[in-house]
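Spelled out from the first residue to the last, the chains are:
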There are 2 protein chains.
Amino acid sequence: MSSVKAFAALDNSSPLVPHTIERRDPKPHDVQIDILFCGVCHSDLHFVKNDWGMSTYPLVPGHEIVGKVTAVGPHVKKFKVGDLAGIGCLVDSCRDCDNCKEGLEQYCSNGWVGTYGGQEKDGSGATYGGYSKTILAHEDFVLKISEKLDLAASAPLLCAGITTYSPLRHWKVGKGTRVGVLGLGGLGHMGVKLAVAMGAEVTMLSHTPSKEADAKRLGAHQFVLTSDEEQIKKVTGYFDFILDTVSAAHDYNFYLGLLRTNGVMVCVGVPPAPAQIPAMNLIFGRKSIGGSLIGGLPETQEMLDFCAEHNIVSDIEIIAMKDINTAYERLEKSDVKYRFVIDMSTL
Amino acid sequence: MSSVKAFAALDNSSPLVPHTIERRDPKPHDVQIDILFCGVCHSDLHFVKNDWGMSTYPLVPGHEIVGKVTAVGPHVKKFKVGDLAGIGCLVDSCRDCDNCKEGLEQYCSNGWVGTYGGQEKDGSGATYGGYSKTILAHEDFVLKISEKLDLAASAPLLCAGITTYSPLRHWKVGKGTRVGVLGLGGLGHMGVKLAVAMGAEVTMLSHTPSKEADAKRLGAHQFVLTSDEEQIKKVTGYFDFILDTVSAAHDYNFYLGLLRTNGVMVCVGVPPAPAQIPAMNLIFGRKSIGGSLIGGLPETQEMLDFCAEHNIVSDIEIIAMKDINTAYERLEKSDVKYRFVIDMSTL
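Residues numbered from 1 in each chain as written. Chains lettered and ligands numbered in written order. Predicted model: local features only at pLDDT ≥ 70, side-chain atom pairs only at ≥ 80, totals over all residues. Heavy atoms only, no water.

## Concerning the interface of chain B and chain A
Accessible area lost upon the coming together of the parts serves often as the stated size of an interface.
Phase 1 of the analysis: Each partner contributes to the interface: chain B provides 35 residues, whereas chain A provides 35 residues.
Phase 2 of the analysis: Between chain B and chain A, roughly 2900 Å² of surface is buried when both sides are summed, and carbon and sulfur atoms account for 63% of that area.
Phase 3 of the analysis: Per-residue buried area on chain B facing chain A is highest for Tyr107, Ile283 and Arg286 of chain B; these three make up 23% of the total on that side.
Phase 4 of the analysis: Where chain B meets chain A, there are two salt bridges.
Phase 5 of the analysis: Residue arginine 260 of chain A pairs with aspartate 98 of chain B through a salt bridge whose shortest N-O separation is 3.9 Å.
Phase 6 of the analysis: For the side of chain B that touches chain A, the secondary structure elements donating two or more residues are helix 2 (98-101), helix 4 (160-170), strand 14 (259-267), strand 15 (275-277), helix 9 (280-283) and strand 16 (288-291) of chain B.
Phase 7 of the analysis: For strand 16 (residues 288-291) of chain A and strand 16 of chain B, the ladder comprises three bridges, and the chain directions are antiparallel. Residue pairing in the sheet places isoleucine 289 of chain A in a bridge with isoleucine 289 of chain B of strand 16 of chain B. (Contact = heavy atoms within 4.5 Å. Buried area = accessible area lost by both parts, 1.4 Å probe. Salt bridge = Lys/Arg side-chain N within 4 Å of Asp/Glu carboxyl O. Helix = DSSP H or I, 4+ residues; strand = E, 2+ residues; numbered from the N terminus. Pairing = 2+ DSSP bridges.)

The structure is reproduced here in structure tokens:
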């Protein structure tokens with residue numbers, strides 16, 4: 001075991017503080033990473049505050065992790081010391097169910113192990129995330145990170161990137177697809193970049209007029225102010241696919257109305273209350289509403305390679321570790337363009 | 001114009017009564033049909049009672065129409081006098097929008113013309129349905145009916161058949177697909193027969209134990225009593241596709257829980273209140289809920305041909321025209337196995 005410096009929440013109401021955790025020595029298939037940057041996902045904040053009722057403390061958040069390999073177990077084939085590497089939202093799964101065998105570990109029937117706040121399958125205790133100096137995991141759960149991209153700005157690809165990439169791919173978004181992206185935040189801004197790179201015609205849907213310039217800068221072909229009736233009329237029955245990244249309460253039926261026949265709306269955000277959907281709003285136009293959760297390991301690697309090929313990273317604001325609590329306050333107000341990334345050398 | 005004997009609702013609260021309507025003479029593309037049988041759909045009852053707030057009176061219901069061609073306009077190519085022919089839920093559409101051009105007339109962007117309770121595109125007034133001696137329509141909206149099948153039992157294919165066939169085809173149900181059919185009524189019993197013929201593994205989901213024998217007789221491979229926890233446990237996370245034919249209030253989330261990863265639940269019934277769906281129930285397992293409305297003309301013909309090939313008709317109870325009001329009373333109590341069909345020679 002080795003002692004590792006980290007930042008942790010010790011309960012659900014105090015600020016994050018410096019904390020020391022114990023990490024295991026590398027097992028034969030483990031890759032050990034010196035963490036250089038870690039993205040700040042809104043889930044981190046939900047976990048810190050125990051919003052989903054499943055947090056255990058001390059809690060070390062962080063699942064958008066990039067860094068350099070410092071050690072590998074003797075059976076590791078994919079990585080060598082010195083390589084860039086990343087870890088996303090999961091560090092293990094059952095590896096045995098149909099979903100795991102298909103590379104859909106995010107839907108593991110027996111429950112995957114979260115990078116933080118999870119329980120190691122070998123019974124060795126809680127998992128701790130990327131707000132720390134080092135991390136290690138089985139090589140199957142470690143991703144290759146391209147040297148071509150800005151490293152800090154690559155970190156959010158591990159969660160915000162794959163969360164938006166996976167549904168775009170699963171529902172076959174590409175050339176000729178009219179995509180609406182709902183919500184311009186950490187997820188939405190990646191959704192715009194990725195859908196544009198896939199060749200789709202991309203429209204940002206937002207109720208904030210000031211987001212138009214940014215949406216266009218990110219590559220959106222069109223901006224629609226959702227409070228403007230005239231603009232909405234033009235895109236009624238228009239979209240093949242709407243990527244809904246909004247976690248605040250909103251009326252799904254309004255957006256279902258913007259779908260054309262056979263259109264699909266996919267939620268990656270989790271609003272506080274259930275969607276209320278009259279069957280008629282799906283039946284007329286053969287519309288669907290679906291959901292999608294991050295992505296499996298093979299698809300996460302595919303996404304990272306796609307981003308390297310298309311020169312896509314996240315728009316980020318780099319912070320020092322000590323400023324995490326202020327960053328959380330700003331995150332709660334959506335005051336970030338569009339992802340905080342912690343420079344882990346400041347820990 | 002010619003006077004045609006019919007049965008009509010004169011307002012939203014009286015029984016149906018004998019009534020005489022006027023039908024136009026055949027136009028160059030029209031096919032005129034002597035109606036031999038007409039199915040009784042639950043929509044007929046909704047229209048009679050103006051449950052959907054769009055009925056006009058006198059209202060002559062009936063959109064599961066089969067009969068014999070008695071006259072054709074000079075430009076008609078597909079039919080000749082003496083042919084069997086059918087008319088389903090629509091008798092016209094704009095023919096110009098993208099959906100119409102793709103043969104998805106049921107999703108016509110400019111509004112299709114219902115076989116009854118609609119308004120003719122040429123301004124000539126209301127349309128009247130199949131509870132009448134004759135009907136006529138443009139040949140593009142007339143279907144060929146096989147001589148191989150029982151004619152009376154073919155009538156319900158025009159609505160109940162296509163309503164279940166279309167989503168099964170659109171979502172690519174076939175060999176290897178685990179299909180759950182929810183609700184064993186006019187729609188559900190067709191869903192079972194069609195999904196079985198498509199090669200799927202079919203499970204009837206019902207809260208009525210007495211339906212098991214019938215479900216098996218119709219071809220279902222499995223019957224699951226939804227009130228039995230042990231039986232439900234076995235099909236949790238099991239189905240690729242659930243065809244939800246239920247129009248009574250029910251908890252969609254319960255059935256979403258029976259879907260496996262990537263599973264889709266499609267509603268063809270319209271419950272009185274909106275579905276309440278937490279986004280999490282879609283996100284975990286990348287599930288979708290969709291809707292589907294009857295089918296377009298090309299697909300309706302495809303379904304009729306499929307049924308002729310696989311010897312599929314509806315299970316019916318033949319009634320005389322004068323018994324329609326009693327039949328409606330029984331329909332409201334779901335007391336029919338599984339479709340009433342009116343012998344139009346009794347009018």
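## Topic: the side chain of arginine 286 of chain B
Phase 1 of the analysis: Inspection of the secondary structure puts arginine 286 of chain B in the loop between helix 9 and strand 16.
Phase 2 of the analysis: Put simply, arginine 286 of chain B is tucked away with no salt bridge, and the nearest opposite charge, on glutamate 299 of chain A, sits 4.6 Å away.
Phase 3 of the analysis: Sequence-distant contacts of arginine 286 of chain B, defined by excluding residues within four places in its chain, comprise Leu104, Tyr107, Ser166, His170, Trp171, Gly291 and Ser292 of chain A together with Asn262 and Gly263 of chain B. (Buried < 20%, exposed > 50% of the residue type's maximum accessible area, 1.4 Å probe, protein only. Lys, Arg positive; Asp, Glu negative; His and termini not counted.)

## Details of the sheet that holds strand 10 (residues 178-182) of chain B
Phase 1 of the analysis: With respect to topology, 12 strands assemble into an open sheet ordered 12(A)-11(A)-10(A)-13(A)-14(A)-16(A)-16(B)-14(B)-13(B)-10(B)-11(B)-12(B), the strand pairing being mixed. The sheet is open, and its two edges are formed by strand 12 (222-225) of chain A together with strand 12 (222-225) of chain B, each paired on a single side. Strand after strand, the sheet turns through a mean of 20 degrees between neighbouring axes, direction not considered.
Phase 2 of the analysis: Judged from the five bridges that link them, strand 13 (residues 239-244) of chain B and strand 14 of chain B form a sheet pairing that is parallel. Residue pairing in the sheet places phenylalanine 241 of chain B in a bridge with valine 264 of chain B of strand 14 of chain B.
Phase 3 of the analysis: Each of strand 13 (239-244) and strand 14 (259-267) of chain A together with strand 14 of chain B is contacted by helix 4 (residues 160-170) of chain A, which is oriented at about 155 degrees to strand 13 of chain A, the strand it contacts most.
Phase 4 of the analysis: Sheet contacts for helix 5 (residues 186-197) of chain B: strand 10, strand 11 (201-206) and strand 13 of chain B; angle to strand 11 of chain B, the most-contacted strand, approximately 165 degrees. (Axes fitted to C-alpha atoms, helices over the stretch in contact; angles between N-to-C directions.)

## Quick word on the nonpolar core
Phase 1 of the analysis: Of all hydrophobic cores here, the largest spans 160 residues; its most connected members are Ile242 of chain A together with Ile242 of chain B.
Phase 2 of the analysis: If we skip the residues at most four places from it in the chain, isoleucine 242 of chain A touches Gly180, Leu182, Leu205, Tyr255, Leu258, Leu259, Val264, Met265 and Val266 of chain A. (Core = buried A, V, L, I, M, F, W, Y, C linked by side-chain atoms within 4.5 Å.)

## Section: the relation of the copies chain B and chain A
Phase 1 of the analysis: It takes a turn of 180 degrees to lay chain B on chain A, together with a shift of 0.0 Å along the axis; the resulting RMSD is 0.0 Å. In the structure described here, the two chain copies are related by an operation that fits a two-fold rotation axis. Considering only C-alpha atoms, the residue of chain B closest to the rotation axis is glutamine 276 of chain B, which sits at 2.3 Å.
Phase 2 of the analysis: A symmetric contact is evident, with 100% of the interface residues of chain B recurring at the interface of chain A. (Least-squares fit on C-alpha atoms with pLDDT ≥ 70 in both.)

## Quick look at the pairing of strand 4 (residues 65-72) of chain A
Successive side chains on a regular strand alternate, one facing one side of the sheet and the next facing the other.
Residue and element names in this part refer to chain A.
Phase 1 of the analysis: With seven bridges connecting them, strand 3 (residues 30-40) and strand 4 associate as antiparallel partners. Paired with valine 31 across the two strands is valine 72, which belongs to strand 4.
Phase 2 of the analysis: Both strand 4 and strand 5 (residues 84-87) contribute to a ladder of four bridges, which runs antiparallel. Paired with lysine 68 across the bridge in strand 5 is leucine 84.

## Description of the pattern of salt bridges
Phase 1 of the analysis: As enumerated under the stated definition, the model contains 42 salt bridges over all chains in all.
Phase 2 of the analysis: Taken together, the shared-partner salt bridges in this structure form one network comprising Lys193, Asp214, Arg217, Asp315 and Lys337 of chain A.

## A short note on the domain arrangement of chain A
Residues and elements named next belong to chain A.
Phase 1 of the analysis: Under the domain assignment, chain A is made up of domain 1 (2-159 + 314-346) and domain 2 (161-291).
Phase 2 of the analysis: In this complex, domain 1 contributes 10 residues to the contact, which on the side of domain 2 involves 13 residues.
Phase 3 of the analysis: Between domain 1 and domain 2 lies a buried interface of about 910 Å² when both sides are counted; carbon and sulfur atoms form 45% of it.
Phase 4 of the analysis: When the buried area of domain 1 at its contact with domain 2 is split by residue, Cys159, Asp315 and Tyr338 rank highest and sum to 57% of it.
Phase 5 of the analysis: At the junction of domain 1 and domain 2, the tally comes to three salt bridges.
Phase 6 of the analysis: Lysine 337 is the salt-bridge partner of aspartate 214, the closest N and O atoms lying 3.8 Å from each other. (Domains from an automatic or database assignment.)

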